[in-house]
Amino acid sequence: MDQFARTRLLLGKDAVKRLHDVKVAIFGLGGVGSYAAEGLVRAGVSSFVLIDNDVIDATNINRQIIALHSTIGQAKVLVTKNRILDINPSATVVTHKIFYSKDSDQTIFDGCDYVVDAIDTISAKIALVEECAQRNIPIISAMGTANKLNPMALEIADIFKTSVCPMCRMMRTELRKRGISSLKVVYSKEKPIAPDIANDNVNLEEKRILGSTPFVPPVAGLILANEVVKDIISR
């Protein structure tokens, strides 16, 4: 038996072939994006484009599957590529160590069948959604998962039917300005928790980062992967 035998029992051989034949671009390889990549390659997707400008640091270890003491200082795109190839040696992985923006080389989308948006910056997310709309490429976006404790509060919705999430609110405003009327997202209805920055044990550097857990961002990433798989095999 091969590594996809158990998946084939549930999805069927035709669905597994569809997953093998698609190319998925993942923008952002943090707590959400790294787990989305993990879920997709283990499900059978075998062609990836990875986009992230960051390197792994110690604060990533609490939630990113690619973050280990042995990978600190390494580029996230390269660590993720190596992990994908270790899971499926026949996969094809193209990497772009860039911070994506509307001024980026948009040929990175060429041949892509689906886009996963797991980046944090609103302007970059908007540019990504616009480019996908112009190219008619399906996209699913992750909204804010920092300062959250409850993975059970995550759900899939159209962004114009979301509530509570501050990032969703900002995205809705910007998308309306651009005439974009729909976007599938994973988001949380949990109200963000104020970080304990008043604590005397929290230093100035820690006060500049967002709080996170090993639960919410990874679960959001696996939900993203599940939605992509469902969309691909339902075509």
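Refer to the preceding data block for the structure.
Parameters and conventions
- Residues numbered from 1 in each chain as written.
- Predicted model: local features only at pLDDT ≥ 70, side-chain atom pairs only at ≥ 80, totals over all residues.
- Heavy atoms only, no water.
- Helix = DSSP H or I, 4+ residues; strand = E, 2+ residues; numbered from the N terminus.
- Rg over C-alpha atoms; globule rule 2.2 N^0.38 Å.
- Buried < 20%, exposed > 50% of the residue type's maximum accessible area, 1.4 Å probe, protein only.
- Contact = heavy atoms within 4.5 Å.
- Areas by Shrake-Rupley, 256 points an atom, 1.4 Å probe, with all protein chains shown as cover.
- Expected span 1.5 Å × (residues − 1).
- Arc of directions from axis to C-beta.
- Axes fitted to C-alpha atoms, helices over the stretch in contact; angles between N-to-C directions.
- Parallel < 35°, antiparallel > 145°, perpendicular 65-115°, else oblique.
- Left-handed = near helix turned anticlockwise from the far one by under 90°.
- Nonpolar A, V, L, I, M, F, W, Y, C, P; charged D, E, K, R; others polar.
- Salt bridge = Lys/Arg side-chain N within 4 Å of Asp/Glu carboxyl O.
- Pairing = 2+ DSSP bridges.
- Right-handed = clockwise from strand over helix to strand, strands pointing away.
- Phe/Tyr/Trp six-rings, centres within 6.5 Å; stacked < 30°, edge-to-face > 60°.

1. Some remarks on the overall build of the protein
Broken down by element type, the protein carries 7 helices and 7 strands. Helices and strands appear in the protein in the N-to-C order α-α-β-α-β-α-β-β-α-β-β-α-β-α. In terms of overall dimensions, the protein is globule-like: its C-alpha atoms have a radius of gyration of 18 Å, near the 18 Å expected for 235 residues. Dimensions of the protein, computed from C-alpha atoms along their principal axes, come out at roughly 55 × 45 × 35 Å. For the protein, the proportion of its 235 residues judged to be buried stands at 48%. Counted over contacts in the protein with a minimum sequence separation of 6, partners at least 24 positions apart contribute 71%. With the model as given, the accessible surface of the protein reaches about 11900 Å², and the carbon-plus-sulfur share is 53%.

2. Re helix 6 (residues 166-177)
The end-to-end C-alpha distance of helix 6 is 17 Å, a good match for the 16 Å that 12 residues give at a rise of 1.5 Å each. Listed in full, the buried residues belonging to helix 6 are Met167, Cys168, Met171, Arg172 and Leu175. Projected onto a plane normal to the axis of helix 6, the buried residues spread over an arc of 135° and lie on a single side. Opposite the buried face of helix 6, by more than 90 degrees, sit the exposed residues Arg176 and Lys177.

3. Some points on unusual backbone geometry
Of note in the backbone geometry, Asn136 takes a positive phi value of approximately 60° without being a glycine. Along the polypeptide, Asn136 turns up in the loop between helix 5 (122-135) and strand 5 (139-142).

4. A short note on the packing of helix 2 (residues 13-21) against helix 7 (residues 216-233)
Helix 7 packs onto helix 2 with a crossing angle of 110° between their chain directions and a minimal axis gap of 9 Å. On the basis of their axis angle, the class for helix 2 and helix 7 is roughly perpendicular. Viewed along their axes, helix 2 and helix 7 form a crossing whose handedness is right-handed. The residues of helix 7 that touch helix 2, namely those facing Ala15, Arg18 and Leu19, are Val229, Ile232 and Ile233. Among the residues forming the contact of helix 2 with helix 7, the class breakdown is 5 nonpolar, no polar and 1 charged.

5. Let's talk about the pattern of salt bridges
What the rule picks out here adds up to 16 salt bridges. Ionic pairing is found between Glu38 and Arg42, a salt bridge with its closest N-O pair at 2.7 Å. Taken together, the residues Glu38 and Arg42, both in helix 3 (residues 33-43) and 4 residues apart, mark about one turn of the helix. Residue class for Arg42 comes out partly exposed when judged on its relative accessible area of 47%. With its nearest N and O atoms 2.7 Å apart, the salt bridge here joins Arg135 to Glu131. Linking Arg135 with Glu131, this pair stays in helix 5, spanning 4 residues, or about one helical turn. Judged by relative accessible area, which is 31%, Arg135 ranks as partly exposed. You can call Glu131 buried: its relative accessible area is 13%.

6. Section: the pairing of strand 5
With burial as the criterion, each face of strand 5 is covered, one bearing Ile139 and Ser141 and the other bearing Ile140 and Ala142. Looking at chain direction, strand 4 (residues 114-117) and strand 5 are connected through 3 bridges and run parallel. Among the inter-strand pairings, Val115 is bridged to a residue of strand 5, identified as Ile139. Handedness of the β-α-β unit built from strand 4, helix 5 and strand 5 comes out right-handed.

7. Notes on the packing of aromatic side chains
As enumerated under the stated definition, the model contains 3 aromatic pairs in all. With centroids separated by 5.1 Å and ring planes inclined at 75°, the aromatic side chains of Phe27 and Tyr100 adopt a geometry described as edge-to-face. Taken together, the positions of Phe27 in strand 1 (residues 23-27) and Tyr100 in the loop between strand 3 (92-96) and strand 4 put the pair 73 residues apart, joining distant regions of the chain. Of the two residues, Phe27 and Tyr100, neither departs from the other in class, the shared state being buried. Considering the side-chain rings of Phe27 and Phe109, the 5.4 Å spacing of their centres and the 25° angle between planes classify their relative orientation as stacked. Separated by 82 residues along the polypeptide, Phe27 in strand 1 and Phe109 in the loop between strand 3 and strand 4 bring together distant segments of the chain. Taken as a pair, Phe27 and Phe109 share a single burial class, namely buried.

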